[in-house]
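# Notes for the structure review
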Amino acid sequence: MPRSYFDARAEQYDADSADRFDPAVLEPAVSFLADLAGTGAALELGIGTGRIALPLSLHGVHVHGIDLSPEMVAQLRAKPGAEDIAVTIGDFATTRVDGTFTLAYLVFNTIMNLPSQHEQVECFHNVAAHLEPGGYFVIEVGVPDLRRLPPGETVRPFHVSPTRLGFDEYDVAAQGLISHHYWLVDGQFETFSMPFRYVWPSELDLMARLAGMTLRERWNDWSRAPFTSNSTNHVSVWEKDR
């Protein structure tokens, strides 16, 4: 089974991602997904501490999650409403669960947690196996930021503050990056690094086609702002062929 990098940060994860819990960020995402799920069930890949799953469940959507990290799921289980959400521990690229779903989704760059193209392709096939005909697969992920990487350089900061530093280290030939995080805690830096594989929108569309899905819509964000050449993020929806 792949390594679970998030176990070590599970207790701090919600605090580390506090901005993602802001209602202005969270509510548009939950409403977007609830509209697509309708009266059906949803499968969250990389459910983590339940940032999306818990409010989506409150919308009346039955949510089943897959996650590699028992420690992250333990944080979810400690929250009100978690008893209504089923979770399977496993690699979301290959782990199967019972039942079929009208919606599957991956948020907050989680598709990049799969560090190879092969695993990302497997994920699309796994989703297709769980979706009902006409069901939807949604991914929220950043557009690769290579335009900001000067020629010959491999490291770009993504967060710099008095108490936190973040740097992405790129391997352009392998289409990979390692995110390095540093937090100042009690006068000392805590560190955390994790590998990712960045992926282009057109590449995701091809993965979807290989799995029997077709692009339905692509937006800049959850509020359905237009996706443009200047977008740094996208929310894409593929539909499983009927």
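Below is a summary of the structure that appears in this document.

The rules behind each value
Residues numbered from 1 in each chain as written. Predicted model: local features only at pLDDT ≥ 70, side-chain atom pairs only at ≥ 80, totals over all residues. Heavy atoms only, no water. Helix = DSSP H or I, 4+ residues; strand = E, 2+ residues; numbered from the N terminus. Rg over C-alpha atoms; globule rule 2.2 N^0.38 Å. Buried < 20%, exposed > 50% of the residue type's maximum accessible area, 1.4 Å probe, protein only. Contact = heavy atoms within 4.5 Å. Areas by Shrake-Rupley, 256 points an atom, 1.4 Å probe, with all protein chains shown as cover. Lys, Arg positive; Asp, Glu negative; His and termini not counted. Charge placed at Lys NZ, Arg CZ, Asp CG, Glu CD. Phe/Tyr/Trp six-rings, centres within 6.5 Å; stacked < 30°, edge-to-face > 60°. Pairing = 2+ DSSP bridges. Core = buried A, V, L, I, M, F, W, Y, C linked by side-chain atoms within 4.5 Å. Salt bridge = Lys/Arg side-chain N within 4 Å of Asp/Glu carboxyl O. Axes fitted to C-alpha atoms, helices over the stretch in contact; angles between N-to-C directions.

### A few points about the overall build of the protein chain
- Counting its regular elements, the protein chain contains six helices and 11 strands.
- For 242 residues, the compact-globule formula gives about 18 Å, and the C-alpha radius of gyration of the protein chain, at 18 Å, lands near that figure.
- Taken across its 242 residues, the protein chain has 50% of its residues classed as buried.
- Looking at the protein chain alone, contacts between residues at least 24 apart form 58% of all its contacts between residues at least 6 apart.
- Taken as a whole, the protein chain presents about 11,700 Å² of accessible surface, with 53% of it coming from carbon and sulfur.
- The distance from the centre of the 18 positive side-chain charges to the centre of the 32 negative ones in the protein chain is 5 Å.

### Describing the packing of aromatic side chains
- Evaluated as defined, the whole model comprises nine aromatic pairs.
- A ring pair is formed by Phe32 and Trp222, whose centres lie 5.1 Å apart and whose planes are at 75 degrees; its orientation type is edge-to-face. Of this pair, Phe32 sits in helix 2 (residues 23–37) while Trp222 sits in the loop between strand 10 (213–219) and strand 11 (233–240); the two residues are 190 residues apart in sequence, bridging distant segments of the chain. Note on accessibility: Phe32 and Trp222 belong to one class, buried.

### Considering the pairing of strand 8 (residues 176–185)
- Two strands pair when backbone bridges link them, and strand 7 (residues 164–171) and strand 8 are joined in this way by eight bridges, in the antiparallel orientation. Residue pairing in the sheet places Arg164 in a bridge with Trp183 of strand 8.
- Remark: four residues form the turn of the hairpin made by strand 7 and strand 8, two consecutive strands paired antiparallel; Gln175 in that turn has positive phi of roughly 55 degrees.
- When strand 8 meets strand 9 (residues 188–197), the two strands line up antiparallel, connected through 10 bridges.

### So, the nonpolar core
- Grouped together as the largest cluster of nonpolar side chains are 36 residues, with contacts concentrated most on Ile111, Cys123, Phe124, Phe137 and Met213.
- The set of elements that each furnish at least two residues to this core consists of strand 1 (41–45), strand 4 (101–106), helix 5 (117–130), strand 5 (131–142), strand 8, strand 9 and helix 6 (201–210).
- For Phe137, the residues in contact, after removing those within four places along its chain, are Leu45, Ala104, Tyr105, Leu106, Cys123, Phe124, Val127, Leu131, Met213, Ser236, Val237 and Trp238.
- One finds Ala29, Ile47, Leu76 and Tyr136 within the second-largest nonpolar core, a separate group that totals 27 residues.

### Focus: the pattern of salt bridges
- Evaluation of the coordinates by the stated rule reveals 11 salt bridges.
- Between Asp145 and Arg148 there is a salt bridge, with the nearest N and O atoms lying 3.6 Å from each other.
- Look at Asp145 and you get buried, because its relative accessible area is 19%.
- A salt bridge links Arg242 to Glu239; its shortest N-O distance comes to 3.4 Å.
- Its relative accessible area of 21% is what places Glu239 among the partly exposed residues.
- Counted as one network, the salt bridges with shared partners bring together Arg9, Asp16 and Glu190.

### Things to note about helix 6
- For helix 6, the full list of buried residues reads Pro201, Glu203, Leu204, Asp205, Met207 and Ala208.
- Those residues of helix 6 that are buried lie in contact with helix 5, strand 5, strand 9, strand 10 and strand 11.

### Looking at the sheet that holds strand 8
- Read across the sheet, four strands follow the order 6-7-8-9 without closing on themselves; strand pairing throughout is antiparallel. One side of each edge strand has no neighbouring strand; the edge strands of this open sheet are strand 6 (155–160) and strand 9. This sheet shows a mean twist of 20 degrees between the axes of neighbouring strands, independent of strand direction.
- Alignment of strand 6 against strand 7, held across five bridges, turns out to be antiparallel. Following the sheet pairing, His159 is matched in strand 7 by Gly166.

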